[in-house]
Amino acid sequence: QVQLVESGGGLVQPGGSLRLSCAASRIIFTIYTMGWYRQGPGKQRELVATATSGGSTNYADSVKGRFTISRDNVNNTVYLQMNSLKAEDTAVYYCNADSTRTVAKYWGQGTQVTVSS
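Cut-offs and rules
- Residues numbered from 1 in each chain as written.
- Predicted model: local features only at pLDDT ≥ 70, side-chain atom pairs only at ≥ 80, totals over all residues.
- Heavy atoms only, no water.
- Helix = DSSP H or I, 4+ residues; strand = E, 2+ residues; numbered from the N terminus.
- Rg over C-alpha atoms; globule rule 2.2 N^0.38 Å.
- Contact = heavy atoms within 4.5 Å.
- Areas by Shrake-Rupley, 256 points an atom, 1.4 Å probe, with all protein chains shown as cover.
- Pairing = 2+ DSSP bridges.
- Axes fitted to C-alpha atoms, helices over the stretch in contact; angles between N-to-C directions.
- Salt bridge = Lys/Arg side-chain N within 4 Å of Asp/Glu carboxyl O.
- Buried < 20%, exposed > 50% of the residue type's maximum accessible area, 1.4 Å probe, protein only.
- Polar contact = N/O pair within 3.5 Å; in protein donor to acceptor, adjacent residues only side chain to side chain.

Participant: Give me the lowdown on the overall build of the protein chain, citing residues and values where you can.
Facilitator: When its secondary structure is counted, the protein chain shows zero helices and eleven strands. For the protein chain, the succession of helices and strands along the chain, N to C, is β-β-β-β-β-β-β-β-β-β-β. In terms of overall size, the protein chain behaves like a compact globule, its C-alpha atoms giving a radius of gyration of 13 Å where 117 residues would be expected to give roughly 13 Å. Taking the principal axes of the C-alpha coordinates as reference, the protein chain spans close to 40 × 25 × 25 Å. A fraction of 55% describes how many contacts in the protein chain between residues 6 or more apart in sequence connect residues 24 or more apart. For the protein chain, the computed accessible surface area is about 6,100 Å², with 46% contributed by carbon and sulfur atoms.

The structure is reproduced here in structure tokens:
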């Protein structure tokens, strides 16, 4: 059973930073595009950022220039560095693994990020 385990969420003041991690197990990591999604209160889940094993990245316009996604293909981990956080970044952040070869798609359990003074 594929497992995606997120960590690093918490409470931070506006303008602060957090780094989320997602450790993947029981997965051929390099054939998956890894991504971060978020779901704010009363909102639909939305894409934050994705990263392919080849290093291509994609960001939502709302986080460009503030968030950076990276992945460690040796340790099967994907990161999301979040800087200059705003109140509107408050959400549950989910790690996602999307196979490039099949229809397989997996989700982590989510980690709460709260930006508040």
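Continuing now.
Participant: Give me the lowdown on the sheet that holds strand E7 (residues 67-72), citing residues and values where you can.
Facilitator: Strand order in the open sheet formed by four strands is E1-E3-E8-E7, and the pairing between neighbours is antiparallel. Single-partner strands in this sheet number two, and they are strand E1 (3-7) and E7. Here the average twist between neighbouring strands, direction ignored, is 15°. Pairing of E7 with strand E8 (residues 77-82) involves six bridges; the strand directions are antiparallel. For Arg 71, the partnering residue across the bridge sits in E8 and is Val 78.

Participant: Run through the pattern of salt bridges, naming residues and quoting values.
Facilitator: In total, this model carries five salt bridges according to the counting rule given. Among the ionic pairs, Asp 89 bridges to Arg 38, the shortest N-O distance being 2.9 Å. Taken as a pair, Asp 89 in the loop between E8 and strand E9 (91-99) and Arg 38 in strand E4 (residues 32-39) lie far apart in primary sequence, 51 residues in all. On the basis of relative accessibility, which here comes to 5%, the residue Arg 38 falls in the buried class. By sharing partners, the salt bridges in this structure join Arg 38, Glu 46, Arg 66 and Asp 89 into a single network.

Participant: Go over the side chain of Asn 96, please, and point to the residues and values.
Facilitator: Note that Asn 96 resides in strand E9. A polar contact is formed between the side chain of Asn 96 and the backbone oxygen of Tyr 106, at a distance of 3.2 Å. The residues contacting Asn 96, other than those within four sequence positions of it, are Leu 4, Thr 33, Met 34, Gly 35, Tyr 37, Lys 105, Tyr 106 and Trp 107.

Participant: Just give me the short version of unusual backbone geometry, but keep the residues and values in it.
Facilitator: The bulk of non-glycine residues show a negative phi, and the bulk of peptide bonds are trans. Although it is not a glycine, Asn 76 adopts a positive phi angle of roughly 55°. Within the chain, Ser 84 stands out as a residue other than glycine whose phi angle is a positive 50°. Considering the arrangement of structural elements, one finds Ser 84 in the loop between E8 and E9. On the basis of relative accessible area, Ser 84 is assigned to the partly exposed category, the value being 42%.

Participant: Before we move on, could you go through the environment of Asp 98 and cite the residues and values that matter?
Facilitator: Take Asp 98: it is sitting in strand E9. On the accessibility criterion, Asp 98 (28% relative accessible area) is partly exposed. Along the backbone, Asp 98 and Met 34 are 64 residues apart, and their C-alpha atoms lie at a distance of 6.3 Å. When sequence neighbours within four positions are dropped, the list of residues in contact with Asp 98 reads Ile 31, Tyr 32, Thr 33, Ala 104 and Lys 105.

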